[in-house]
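Chain by chain, the residues run as shown.
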Amino acid sequence: MAEDSDLEKTESATPRRLQKAREEGQIVRSRELSTFALLAAGFFGVWGMSGSIGEHLQGMLRVAFTFDHAGAFETRRMMIGAGVASREGLYALLPILAFTGVAALFAPMALGGWQLSAKGLEPKFDRLNPIAGLGKMFSINGPIQLGMSLAKTLVVGVIGGTAIWNRREEILALATQPLHLALANTVHLIAVCCGMTVAGMFVVAAMDVPYQLWQFHKKLRMTKEEVKREHRESEGDPHVKGRIRQQQRAIARRRMMTNVPKADVVVTNPTHFAVALQYTDGEMRAPKVVAKGVNLVAARIREIAAENNVPLLEAPPLARALYHNVELNREIPGPLYGAVAEVLAWVYQLRRFKAEGGDVPLAPTELDVPAELDKGGVSDDEADQEAADTLNPDNDDASGASA
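Parameters at a glance
- Residues numbered from 1 in each chain as written.
- Predicted model: local features only at pLDDT ≥ 70, side-chain atom pairs only at ≥ 80, totals over all residues.
- Heavy atoms only, no water.
- Helix = DSSP H or I, 4+ residues; strand = E, 2+ residues; numbered from the N terminus.
- Buried < 20%, exposed > 50% of the residue type's maximum accessible area, 1.4 Å probe, protein only.
- Contact = heavy atoms within 4.5 Å.
- Areas by Shrake-Rupley, 256 points an atom, 1.4 Å probe, with all protein chains shown as cover.
- Patch = residues over 30% accessible without salt bridge, like charges linked within 9 Å, V, L, I, M, F, W, Y side chains within 5 Å.
- Salt bridge = Lys/Arg side-chain N within 4 Å of Asp/Glu carboxyl O.
- Core = buried A, V, L, I, M, F, W, Y, C linked by side-chain atoms within 4.5 Å.
- Pairing = 2+ DSSP bridges.
- Axes fitted to C-alpha atoms, helices over the stretch in contact; angles between N-to-C directions.
- pLDDT = per-residue confidence, 0-100.

S.K.: Tell me about the overall build of the protein chain, and please be specific about residues and values.
M.R.: A tally of regular secondary structure across the protein chain gives 17 helices and 4 strands. By the burial criterion, 31% of the 403 residues in the protein chain qualify as buried. Across the protein chain, contacts joining residues at least 24 apart in sequence account for 77% of those joining residues at least 6 apart. For the protein chain, the accessible surface area stands at approximately 25900 Å², while carbon and sulfur atoms represent 61% of it.

Following this line, the structure appears as structure tokens:
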């Protein structure tokens with residue numbers, strides 16, 4: 001069953017899954033990389049500060065092996081000497097401890113960075129389950145870990161053994177050299193062998209890091225259903241989001257319909273478009289669009305305008321230009337000033353006729369509408385959106401108008 005579930009997990013972990021794993025303390029770690037960093041820091045620290053370390057070690061040995069008659073019978077002087085020798089030894093090792101401490105802190109950052117999580121310290125009693133332990137032992141990870149351990153031992157052993165074998169004559173010659181020269185050559189040979197060992201650990205770390213990265217991301221793989229479920233949880237159910245958008249459009253349309261009775265004029269196509277204009281002298285720089293719509297919405301705008309005695313003007317090019325180029329509650333653009341001014345002049349004449357009588361003003365017919373602003377009829381997207389809104393009972397314009 002476990003193998004089948006692993007086979008189903010074919011999708012890479014999502015950013016949310018990676019973040020959740022990090023919060024739980026699951027990050028990429030390579031023990032071989034940390035081991036290499038510690039060995040390299042110690043080796044290069046000793047190599048670079050060998051002079052200072054040698055001086056402190058000489059001072060420690062000098063204090064430790066210097067005896068006088070009084071010091072041999074006085075405990076206090078013996079303790080002082082031991083303290084001085086310990087201090088010299090600490091001074092000798094302090095730089096190495098500092099280098100290795102820094103390496104131990106920063107080596108994990110190379111892969112997963114620092115991570116402080118209390119969840120990693122929580123006791124998990126399922127780890128004490130012997131059956132689960134046997135399952136891990138005989139899983140595919142067991143042979144892989146064994147192979148990695150054997151490869152590490154083999155690589156480091158071969159490199160270290162090769163370094164010693166190639167210098168076997170120098171090692172044998174140490175017995176025939178003077179003491180001071182033999183000591184210097186011994187230190188040199190030890191340093192070379194340690195450097196070769198560090199190089200071997202570098203090879204092991206270079207093999208282990210890609211494997212740990214692959215193993216970590218493989219462990220966090222997800223099934224397609226998990227990815228879909230996480231997407232729904234983070235982004236929201238598409239059906240719910242669509243419902244919310246419909247409700248928002250319904251609210252916006254109801255609010256828009258309440259502005260139609262306040263309009264000065266409604267410019268129509270006459271059937272496909274309807275745009276309501278309003279202008280208040282002294283308060284607005286230019287007329288603005290307070291309502292607009294196509295198809296059924298346009299029909300409802302015309303009905304509300306007729307019920308509230310708002311003048312209707314059939315001017316197809318102007319209606320299309322206003323609908324396509326002006327957003328709700330925005331002022332009309334400069335190229336349409338002349339055409340809208342003629343329309344408003346006709347509206348004012350119509351109001352004077354209703355109040356004082358006289359000749360009926362003629363509606364303007366030849367309006368100057370720039371051709372680049374007249375984008376034609378209703379697009380497919382607008383028609384589809386209108387149909388979708390019409391099928392939503394909460395988006396009923398009639399109920400919105402009454403509201």
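S.K.: Tell me what's going on with unusual backbone geometry, and back it up with residues and numbers.
M.R.: Here the phi dihedral of N295 falls at roughly 55°; this positive angle occurs in a residue that is not glycine. Examined against the element boundaries, N295 turns out to sit in helix α13 (residues 295-307). Classification of N295 by relative accessible area gives partly exposed; the value is 26%. A positive phi angle, near 60°, is found at N309, a position not held by glycine. Tracing the backbone through its elements, the reader meets N309 in the loop between α13 and β4 (312-314). Of the residues examined, N309 reaches a relative accessible area of 62% and is grouped as exposed.

S.K.: I'd love a proper account of a nonpolar patch on the surface, names of residues and values included.
M.R.: On the surface, L90, Y91, L93, L94 and L97 cluster together into a nonpolar patch covering about 490 Å² of accessible area. Mapped onto the secondary structure, Y91 falls in helix α6 (residues 75-106).

S.K.: Describe the pattern of salt bridges, and please don't skip the residues or the numbers.
M.R.: What the rule picks out here adds up to 3 salt bridges. The partner of R351 in a salt bridge is D264, with the nearest N and O atoms 2.7 Å apart. Taken together, the positions of R351 in helix α15 (residues 337-356) and D264 in the loop between α12 (238-257) and β1 (265-268) put the pair 87 residues apart, joining distant regions of the chain. By relative accessible area, which is 8% here, D264 ends up buried. We note a salt bridge from E303 to R300, for which the minimum N-O separation is 2.7 Å. Here E303 and its partner R300 are both found in helix α13, 3 residues apart, which amounts to about one turn of the helix.

S.K.: So, the environment of G334: which residues are in play, and what are the values?
M.R.: Topologically, G334 is positioned in the loop between α14 (316-325) and α15. Separated by 48 residues in sequence, G334 and A286 place their C-alpha atoms 8.9 Å apart.

S.K.: Describe in detail the nonpolar core, supporting the description with residues and values.
M.R.: If you look at the biggest cluster of nonpolar residues, it comprises 27 residues, and the most contacted ones within it are L277, L318, L322 and L336. Examining the composition of this core, we find that 7 residues originate from one element, α15, more than from any other. For L336, the residues in contact, after removing those within four places along its chain, are L318, A321, L322, V369, P370 and L373. In terms of nonpolar packing, the next biggest core, distinct from the first, is built from 15 residues, V266, A276, A305 and V310 among them.

S.K.: Describe the sheet that holds strand β2 (residues 273-278), with residues and values.
M.R.: Reading across the sheet, the 4 strands line up as β3-β2-β1-β4 and stay open at both edges, with mixed pairing between neighbours. Two strands in the sheet have a free side with no partner beyond their single neighbour: β3 (288-294) and β4. Between one strand axis and the next, the sheet turns by 20° as a mean value, whatever way the strands run. Across 4 bridges, the pairing between β1 and β2 is antiparallel. Following the sheet pairing, V266 is matched in β2 by A276. α14 rests against β1, β2, β3 and β4 of the sheet, and its axis sits at about 75° to β2.

S.K.: Could you give an account of the environment of V156, with specific residues and numbers?
M.R.: Relative to the helices and strands, V156 resides in helix α8 (residues 141-166). Between the C-alpha atom of V156 and that of F202, which follows or precedes it by 46 residues, the distance is 9.5 Å. Excluding anything up to four places from it in sequence, V156 contacts T197, G200, M201 and V204.

S.K.: Talk me through the confidence of the model for the protein chain; I want residue IDs and the actual numbers.
M.R.: Predicted confidence across the protein chain gives a mean pLDDT of 76, with 76% of residues reaching 70 or more. At the low end of the mean pLDDT range in the protein chain sits helix α17 (residues 397-402), at 34; at the high end sits β2, at 90.

S.K.: An account of the pairing of β2 is needed here, citing residue identities and associated values.
M.R.: Every other side chain in a regular strand lies on the same face of the sheet, so the side chains alternate between the two faces. Most of β2 sits out of view: 6 of its 6 residues are buried. Judged by which residues are buried, β2 turns out to be covered on both faces: F273, V275 and L277 on one side and A274, A276 and Q278 on the other are all buried. Taking the residues between adjacent antiparallel strands as the criterion, β1 and β2 are bridged by 4 residues. Bridge count for β2 against β3 is 6 bridges, and the pairing is antiparallel.

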